[in-house]
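# Remarks on the overall topology
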Amino acid sequence: MCEIPHGQTQSYSEIANHIQKPASVRAVGTAIGANPVLIVVPCHRVIGKNGTLTGYRGGLEMKKRLLQLERL
């Protein structure tokens, strides 16, 4: 997640493919969900495969706001 550039997003499946484990999409989601440092490790940059905002410990509204701030 730290490799996702500021203002950009990647899907869970893109991350699974990047680590050469395309069948591990759920494991990627579980690992991201366990992230205890939401801002330091920018898990808000991870979205659903179809571009939708998906789970975020800080809430989807916070995720949306963080992504909007980064795009400025």
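Residues numbered from 1 in each chain as written. Predicted model: local features only at pLDDT ≥ 70, side-chain atom pairs only at ≥ 80, totals over all residues. Heavy atoms only, no water.

### A look at helix H3 (residues 60-70)
Note the cut-off: Between buried and exposed lies partly exposed: a residue is buried under 20% and exposed over 50% of the maximum accessible area for its type, with that area taken using a 1.4 Å probe on protein chains only. Where helices and strands are cited, they refer to DSSP runs of H or I of at least four residues and of E of at least two residues respectively, numbered from the N terminus. Taken from the helix axis, the directions to the C-beta atoms give the arc we talk about.
Looking at H3, one finds that the buried residues are Lys63, Leu66, Leu67 and Glu70. Along the long axis of H3, the arc covered by the buried residues comes to 95°, so they all point the same way.

### Here's the deal with the nonpolar core
As a reminder, the rule being used: Residues belong to a common nonpolar core when they are buried Ala, Val, Leu, Ile, Met, Phe, Trp, Tyr or Cys residues joined through side-chain atoms within 4.5 Å. The contact criterion used throughout is that any non-hydrogen atoms of two residues lie within 4.5 Å.
If you look at the biggest cluster of nonpolar residues, it comprises 11 residues: Ile4, Tyr12, Ile15, Ala16, Val28, Ile32, Leu38, Cys43, Val46, Tyr56 and Leu66. Going through the elements one at a time, helix H1 (12-18) and helix H2 (25-33) are the ones with two or more residues in this core. Looking at which element gives the most residues to this core, the answer is H1, with three residues. Excluding its chain neighbours within four sequence positions, the residues that come into contact with Tyr56 are Leu38, Ile39, Cys43, His44, Met62, Lys63 and Leu66.

### Brief notes about the pattern of salt bridges
The condition that has to hold: Salt bridges are defined by distance alone: a side-chain nitrogen of Lys or Arg within 4 Å of a carboxyl oxygen of Asp or Glu.
For the structure shown, the criterion picks out two salt bridges. Among the ionic pairs, Arg45 bridges to Glu70, the shortest N-O distance being 3.0 Å. On the criterion of sequence distance, the pair formed by Arg45 in the loop between H2 and strand E2 (46-47) and Glu70 in helix H3 is long-range, its members being 25 residues apart. Taking the relative accessible area as the measure of exposure, Arg45 reaches 10% and is therefore buried.

### Overview of the state of the cysteines
How we decide: By disulfide we mean two sulfur atoms from cysteines, separated by a distance within 2.5 Å.
Per the stated rule, a full pass over the model turns up zero disulfides. We note that Cys43 lacks a disulfide partner, and the nearest cysteine sulfur, in Cys2, lies 9.9 Å from it.

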